[in-house]
Structure formats: structure tokens, C-alpha cells
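So you can see what is in the structure, the chains are spelled out below.
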Amino acid sequence: MRSSAKKVLHPWPLRVCHWINVLVMVGMMMSGWGIYNASPLFDFTFPQVMTVGGWLGGNIAWHLAVMWLLAANGLIYLLWGLCSGHFKERFFPVSVASVWRDMRQALTFSLVHRAGHYNAVQKVMYLGVLLLGLLLVLSGLSIWKPVQFSGLVMLLGGFDIARYVHFFAMSGVLLFVIVHLLMVLLVPKTLPAMITGGRRKEPADE
């Protein structure tokens, strides 16, 4: 029998993309809220302190600048996740039964957390935020270049509808971030591993 092998919980490409994404999403949301304030969809606006750019032109400049970093970081993450098998290992398999089971256990505080293992609820959340990210990109392109992407605008129901789609997709991502932060607060030992990589022991080969 060989001694147990150690494996990194969070490989460095994942950690780099994660922390870049944290900074990028803050910039995207704050500049996006500034753009929203110039033409609100609802009867509220975001406080000026929660925006970046100072005025509409500045908001747009920040949004577009950070958008390219977000796109590059997202593309790298997707390629790495597919090629490394990360998505297959961490996000699948998942089923309605497993989500319902783990949700009930989470609500009764009996769900066991295992380092390096995503429960079914986490899998659905991560898959969901990836889809929301795609929706953000598509709706964002429709708002940014409605003439060049007229077909996409039509698919989303028109320019005005695309704005609502973009807003609610952003709200969904923000909700994911809030839940994610709450989970870190509830299980704080997960944070250091996202900085250092952490290590886990695999069963020894017989």
C-alpha cells in the first residue's frame, strides 16, 4: 500500500480567475449601476457612492474597459474548466432528487461539508451563475451595439426588453454573490484554501 497522495483543492488557474473575477464584478456592477441611474427601469436609483465613473460617459467608459477583462477572464476559466475536467468533476452529475435531498439537509443544518466536494445545491448554483453570465453577455451586447447585433436584440424581444434581461441577470449574479459570501461566513475554513490552494488527501492505492 502506498501512502496517501495529496491533491490541491483549488488549482492556481481557478484561484487566479476567481480573484480577478471578484475585482472585475465589483467594477462591472458599480459602473452598471451608474449607467442604470441615467435611465432607470424602476422607481429607484443607486446611491452615487455605489457607482464608479462620476457621470454617464465615465460610467460607460469604466463598464466597457472592465468588460474586456471580464470577457478574457471568463474565456480562460471556461477553457481551463473544460480542458482540465474541472467542470465534469465538480458540477456533475446532478439531479432533481439530489438537489431536493441536499436542500432539505441544508435547511435543517445537517448537510455535511466536504472539502473539494460540491453538494447538489452548490452544483446548481454554479451552473446557474454560468448561464446568467452568458445571458449577461448576450443582453449586454444587444444594449451596447443594437444595430450590429440586431438579430440578437430581436431574439431577446427588443432593446427595451434586453435592458430588463440585463438588469435581472445582473441581479441574479448579485444574489449568487450574496449567498456565496454567506456560505463563507458560515464555513470560514473554506476561505484560506481559495487563497493558498489547500490540500486534500486521496485514498491510498491498494
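Residues numbered from 1 in each chain as written. Predicted model: local features only at pLDDT ≥ 70, side-chain atom pairs only at ≥ 80, totals over all residues. Heavy atoms only, no water.

Quick look at the overall build of the protein chain
As a reminder, the rule being used: Here a helix means four or more residues in a row that DSSP labels H or I, a strand means two or more in a row labelled E, and each is numbered from the N terminus. Only protein chains enter the calculation, and the probe is 1.4 Å; a residue is then buried if its accessible area is under 20% of its type maximum, exposed if over 50%, and partly exposed in between. Reported accessibility uses the Shrake-Rupley method at a 1.4 Å probe radius. Residues are deemed covered only where the shown protein chains occlude them. When charges are counted, Lys and Arg contribute as positive and Asp and Glu as negative, whereas His and the chain ends are disregarded. For this purpose, a charge sits on NZ of Lys, CZ of Arg, CG of Asp or CD of Glu.
Along the protein chain, the regular secondary structure elements total 8 helices and 2 strands. Written out in order from the N terminus, the α and β elements of the protein chain read β-α-α-α-α-α-α-α-α-β. In terms of its C-alpha atoms, the protein chain occupies a principal-axis envelope of roughly 65 × 35 × 35 Å. Looking at the protein chain as a whole, 30% of its 206 residues are labelled buried. A total of about 13200 Å² of accessible surface is found on the protein chain, and carbon and sulfur atoms cover 73% of it. In the protein chain, 16 positive and 7 negative side-chain charges are present, and the distance between their average locations comes to 6 Å.

A look at the domain arrangement of the protein chain
Counted only if it meets this: Here the bounds of each domain stem from an automatic or database domain assignment. The buried area of a pairing is the accessible area, by a 1.4 Å probe, that goes missing from both parts when the two are put together, added over both. Salt bridges are defined by distance alone: a side-chain nitrogen of Lys or Arg within 4 Å of a carboxyl oxygen of Asp or Glu. Each residue is assigned to one of three groups, with Ala, Val, Leu, Ile, Met, Phe, Trp, Tyr, Cys and Pro labelled nonpolar, Asp, Glu, Lys and Arg labelled charged, and all others, Gly among them, labelled polar.
Assigned domains of the protein chain: these are domain 1 (1-92) and domain 2 (118-188). Here domain 1 and domain 2 have C-alpha centroids that lie 11 Å from each other. Its largest share of buried area at the contact with domain 2, domain 1 owes to Met29, Leu41 and Phe91, together 38% of the area lost on that side. Between the two partners, domain 1 and domain 2, sit 0 salt bridges. Of the residues belonging to the side of domain 1 that touches domain 2, the class tally is 14 nonpolar, 3 polar and 1 charged.

Here's the deal with helix H2 (residues 56-84)
Worth spelling out the cut-off: A helix's residues, less one, multiplied by 1.5 Å, set its expected span. Note on contacts: a residue pair qualifies if any of its non-hydrogen atoms lie within 4.5 Å across the two residues.
Spanning 29 residues, H2 covers 41 Å between terminal C-alpha atoms, matching the ideal 42 Å at 1.5 Å per step. By the burial criterion, the buried members of H2 are Gly58, Asn59, His63, Val66, Met67, Asn73, Tyr77 and Gly81. Where H2 is buried, its residues contact helix H1 (12-38), helix H3 (86-91), helix H5 (120-144) and helix H7 (159-186). A positive backbone phi angle near 85° is found at Gly85, which sits one or two residues after H2.

Some details on the UniProt feature "transmembrane region" (unreviewed entry) in the protein chain
Quick reminder of the rule: UniProt positions are given in the numbering used here, feature names are shortened, and annotations may be inferred rather than shown by experiment.
Per the UniProt record, "transmembrane region" (unreviewed entry) is found at residues 12-36, 60-80, 124-144 and 164-187. As a span, residues 60-80 carries 100% helix and 0% strand, and end to end its C-alpha atoms are 30 Å apart. Each end of residues 124-144 is marked by a C-alpha atom, and these two atoms are 30 Å apart; helix forms 100% of the span and strand 0%.

Comments concerning the nonpolar core
Spelled out, the test is: To define a nonpolar core, start from buried Ala, Val, Leu, Ile, Met, Phe, Trp, Tyr and Cys residues and group those joined through side-chain atoms within 4.5 Å.
In this structure, Met29, Tyr77, Phe91, Phe167, Met170 and Val173 are the most contacted members of the largest nonpolar core, which totals 20 residues. When residues of this core are traced back to their parent elements, those giving at least two are H1, H3, H5 and H7. Among the elements that line this core, the one with the most residues is H1, at 6 residues. Counting the residues that make up this core, at least three belong to each of domain 1 (1-92) and domain 2 (118-188). The contacts of Phe167, once residues within four sequence positions are left out, are Tyr36, Leu41, Phe42, Phe44 and Phe46.

Quick word on H7
With 28 residues, H7 extends 41 Å between its outermost C-alpha atoms, agreeing within 8% with the 40 Å of an ideal straight helix rising 1.5 Å per residue. Within the sequence span of H7, burial applies to Ala162, Arg163, Val165, Phe167, Ala169, Met170, Val173 and Phe176. Summarising the contacts, the buried residues of H7 are in contact with H1 and H5.

Comments concerning the packing of aromatic side chains
Where we set the bar: Pairs were defined over the aromatic rings of Phe, Tyr and Trp, the Trp ring being its six-membered one, requiring ring centres within 6.5 Å. Orientation was assigned from the angle between planes: stacked under 30 degrees, edge-to-face over 60, tilted for the rest.
Considering all chains together, one arrives at 16 aromatic pairs under this definition. Measuring from ring centre to ring centre gives 6.1 Å for Trp68 and Trp144, while their planes differ by 80°; the resulting arrangement is edge-to-face. Here Trp144 lies in helix H5 and Trp68 lies in helix H2, a separation of 76 residues in the sequence. Of the residues examined, Trp68 reaches a relative accessible area of 54% and is grouped as exposed. A network of ring pairs unites the aromatic residues Trp33, Tyr36, Phe42, Phe44, Phe46, Tyr164, Phe167 and Phe168 as a single cluster.

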